[in-house]
Amino acid sequence: MVPLNWYLMLSAAVFMIGVFGFLTRRNIIIMFMSVELMLNGVNISLISFSHYLQDLRGQILVFFIITVAAAEAAIGLAIIIALFRNKSTAHVDEMNEMKG
Amino acid sequence: MNNYLLIPFLPLAAFLINILLGRNFLKEKAHWVSILAVAGSWVVAVMTLVDILAGHKINQDLYTWIVSGNFKVSVGFLIDELTAVMLIVVTTCSTLIHIYSVGYMHGDKGYYRFFAYLSLFTFCMLMLVMANNFLQLYFGWEGVGLCSYFLIGYYFDKKSASDAGKKAFIVNRFGDFGFGLGIIMIFLTFGTIYYEPVFAQAGGFANNTVNFLGYDVHLMTLIALLLFCGSIGKSAQMPLHVWLPDAMEGPTPVSALIHAATMVTAGVFLVARCSPIFSLSETALMVVALTGAITSLFAATIGLVQNDIKRIIAYSTISQLGYMFLACGVGAYTAGVFHLYTHAFFKALLFLCAGSVMHAMAGELNLQKMGGLKKYMPVTYLTMLLASLSIAGVPGFAGFFSKDEILWLAYSGPSPVGKFVWLIGTIVAFLTAFYSFRLIFLTFHGKFRGTHEQEHHLHESPKFMTIPLMLLCVGAIASGWVGIPHLLGGGAHFTEFMKPVLGHPEGHGTHAEEWMVMAISVIAGFSGIGLAYFMYLKRADIPVKIAQQFSGVHRLLFNKYYVDELYSFLIVRPAIWTAKNILIGITDAKIIEAIVNGVPKAIGIFSEQLRKFQTGRLQHYASIMALGILIIIALMLWR
Amino acid sequence: MLAKLFFGYYAVVIIFLSLLVITRKNPVHSVMWMLLLFFHIAGLYLFLNAEFIAAIQVIVYAGAILVLFLFVVLLLNLREELQVERFVGSWPAGLIIAVAIFAIVVNVIRSFVLAPPGKYSIEYIKEATHTKALGTILYTEYLFPFEIASLVLLIAIIGAIVLAKRKTRSH
């Protein structure tokens, strides 16, 4: 039997790789993929909790997370397209309209 | 027996309807809402009076207004004999004056506004008299002051009118400040501001003193005098009387309702309502009596020489209010309230007649340009004559009974200043008769002294105006009949009716003395009328001669003892100087502007640094957010 | 022992693939590695007796979302992408933050204690079948959130169309 902690460690590792990607990549699409990575990291821990606690509600939560991820991907990618159309770039460090 | 609630709330509803819908929907029909509401109030008030006569009494809390610690105030109603009389006075005058206004204000551009304010005033006045605690009284008190301000400044595009409104409001502040302090003192002393417990406990504090500004002051005297401050302001007594004559800038129905019949009598009502407190302090009563007496004499002498028809009646009002305070000051609260009640009718009538005259004269106010109006406006003439007979104290009319009762109780009462104020009261009775008939003779008798155009224009007023005149005239004649003294074979029902609230005034004197006092006052009244007749009809050259002979006195009286000028010198100009030089020059320019300009400058410098955080880079924001999460988790773990 | 071996394989591959996803210069490669990553995660789900979720993972994530990503990547300018710097200048800061949070989380995980297990044991699920058990909960206890999720998707559809629509000047 694999201990729960291993799964949680794995989940944390995936999540943190996502965080790292989000904080460091210039390409906005890769940043977006990093967000998906973070969501998957969370999903892993929820599924493993569901298994170890013998409670299906963890899986329900994952179900909802996937729903939201799909919605988020649709909206986010639409935003990226709109952005690219206006700026002709997908690099976030080239967009600084919000600079004070 | 809850329908008494309709009395104040019908006018409130009328106000709301008129102010919200008047401009766009009701327009020329605005008066119907108000008249129906106030007439409804009147009907309920009469029903309530019948109930009170049957011996009922209402004291009910309707709604908890404020609860704070042991300070509790409700919107509550107390209807006893005193309130019932005030209700009748207020609703009757208000109804008739509402009707009169239909004719008088016809075609005015703020028609709906006028009726809205008039109804709001009625509501506030009714809240004032129906209150069962001091704070609600204060609410009504300020409410009527506010309406008074609105209505004095009704013609707000006229500078003198808006100035007069401000003057009334500001002068009243002086009095109301004292009144407010009085209510606070009552709360500090009794721990409640409801009438019933306060008056019930008042006797227990009769000998207490309180440290006030370093002196030990008799507690009840202090409270009574602070409350009386409010009365002085609202009822235009010396030295805060200056606002009332100027208040005549408002439309005449307003002068009749607010500045003659109801609002200005609120001060008398307050003293009567607080009679259990005032009775405990001889000093306070003496102050009340002397203030009343001096004011009445003072205002009456000014009234002798004025030429503005409304101002004469305004000074007459001040003088009669002084009379009421005189009565209260000698302990004859019932007589004071009785005079309040009769005065409301004949003084409202006088004002409405004056309004009718103004209507015919196209707004002319100067007596010297009138004359001979008798044949053009018979109804106005007759009703005004009867009202003047009433105020002059001609036997049989309402004013006679109330005035006689005041004078008799002043003469025979236990007050140390009783004899003195009686003397002044008698002199004032003479002066009142004189100036009232001077007004009648100059306006209605003799030859017309105005322009030809005005003469062509002369006409009797429309039915909407004359009918209220006639109805009020009935009141001016007959309202006194409920209080015919025992001496004349009457039952003195009014005094008996008021006894549970105001107590029974004691007069010690023989019947012979009572006859003598009555005779003297009647003689004073008749000689006043006679003198006016002689001076203004028989020998019209005499007044001019007298004015020349005593030009100094005449000028002093004509300029109202220069009180306005004195205030201007002592208060208004220093206040304006301070405002200009200190407030604008130093506070505003050096302090406020420095702060106002300095703060943005400081913010500018600060934000100049702060904006460097706003790099516009998505990842910087995300990093800072992640860092924040890191810190929060770390704090939660190793707290 | 075998289970641990399996887990070890999956864990190593998942972490490795994750790193590949966020470090590739070419976004198309990233998407491809991510596809592989999602299949591995789905495998891990199967390992945890979550067949239904594993199926969704493959169908929705790998099938739908990643294809969407691929489309968008292809719309953008790839040639330029291959020549420029892939990380922002302040990447060490990001690394430090990520490692710090990871350290803290790992620290917390070590002190985890399991709560008593619930009623959905493997035997129970076997008897009821996994999808049916999940559906029962979803349509009873979570009916309201489920309806809201549908609303979220609807808004996403409309929002995506509105945002991505080319603005045409109409005059």
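None of the values given here were measured: they were computed from a predicted structure.

Q: Could you clarify how one ought to interpret the overall build of chain B in this entry?
A: Broken down by element type, chain B carries 26 helices and four strands. Residue burial in chain B is summarised as follows: out of 639 residues, 56% are buried. Of the contacts formed within chain B by residues at least 6 apart in sequence, a portion of 79% connects residues at least 24 apart.

Q: Where do I start with the confidence of the model for chain C in this structure?
A: Low pLDDT means the predicted coordinates in that region are not meant to be read closely. A residue-level look at chain C finds 97% of positions with pLDDT of 70 or above and a mean pLDDT of 87. For this predicted complex, the interface confidence score (ipTM) comes to 0.90, while the overall pTM stands at 0.67.

Q: I tried to follow a nonpolar patch on the surface on my own but got confused; where do I start?
A: There is a patch of nonpolar side chains on the surface, built from Trp577(B), Ile582(B), Leu583(B), Ile584(B), Ile586(B), Ile591(B), Ile592(B), Ile595(B), Val596(B), Val599(B) and Ile603(B) and spanning about 1,000 Å² of accessible area. With respect to the helices and strands, Val596(B) occurs in helix 25 (residues 563-610).

Q: Just checking my understanding: could you explain the interface of chain A and chain C for this structure?
A: Size of an interface: often given as the accessible area lost when the parts come together. Opposite the 68 residues of chain A that make contact, chain C presents 87 residues. Taken together, the two surfaces of chain A and chain C that pack against each other cover about 7,200 Å², and 80% of this comes from carbon and sulfur. The three residues of chain A that bury the most area against chain C are Arg25(A), Met33(A) and Leu56(A), which together make up 9% of that side's buried surface. Our count for the chain A to chain C interface comes out at one salt bridge. Across the pair Arg57(A) and Glu141(C) runs a salt bridge whose closest N-O atoms are separated by 3.2 Å. At the junction of chain A with chain C, the criterion picks out 15 residue pairs in polar contact (both at pLDDT 80 or more). Put simply, the parts of the chain that give the side of chain A that touches chain C at least two residues each are helix 1 (4-24), helix 2 (28-53) and helix 3 (57-87) of chain A. No other element matches the 22 residues that helix 3 of chain A contributes to the side of chain A that touches chain C. Residues belonging to the side of chain A that touches chain C are distributed by class as follows: 48 nonpolar, 13 polar and seven charged.

What counts and how
- Residues numbered from 1 in each chain as written.
- Chains lettered and ligands numbered in written order.
- Predicted model: local features only at pLDDT ≥ 70, side-chain atom pairs only at ≥ 80, totals over all residues.
- Heavy atoms only, no water.
- Helix = DSSP H or I, 4+ residues; strand = E, 2+ residues; numbered from the N terminus.
- Buried < 20%, exposed > 50% of the residue type's maximum accessible area, 1.4 Å probe, protein only.
- Contact = heavy atoms within 4.5 Å.
- pLDDT = per-residue confidence, 0-100.
- Patch = residues over 30% accessible without salt bridge, like charges linked within 9 Å, V, L, I, M, F, W, Y side chains within 5 Å.
- Areas by Shrake-Rupley, 256 points an atom, 1.4 Å probe, with all protein chains shown as cover.
- Salt bridge = Lys/Arg side-chain N within 4 Å of Asp/Glu carboxyl O.
- Buried area = accessible area lost by both parts, 1.4 Å probe.
- Polar contact = N/O pair within 3.5 Å; in protein donor to acceptor, adjacent residues only side chain to side chain.
- Nonpolar A, V, L, I, M, F, W, Y, C, P; charged D, E, K, R; others polar.

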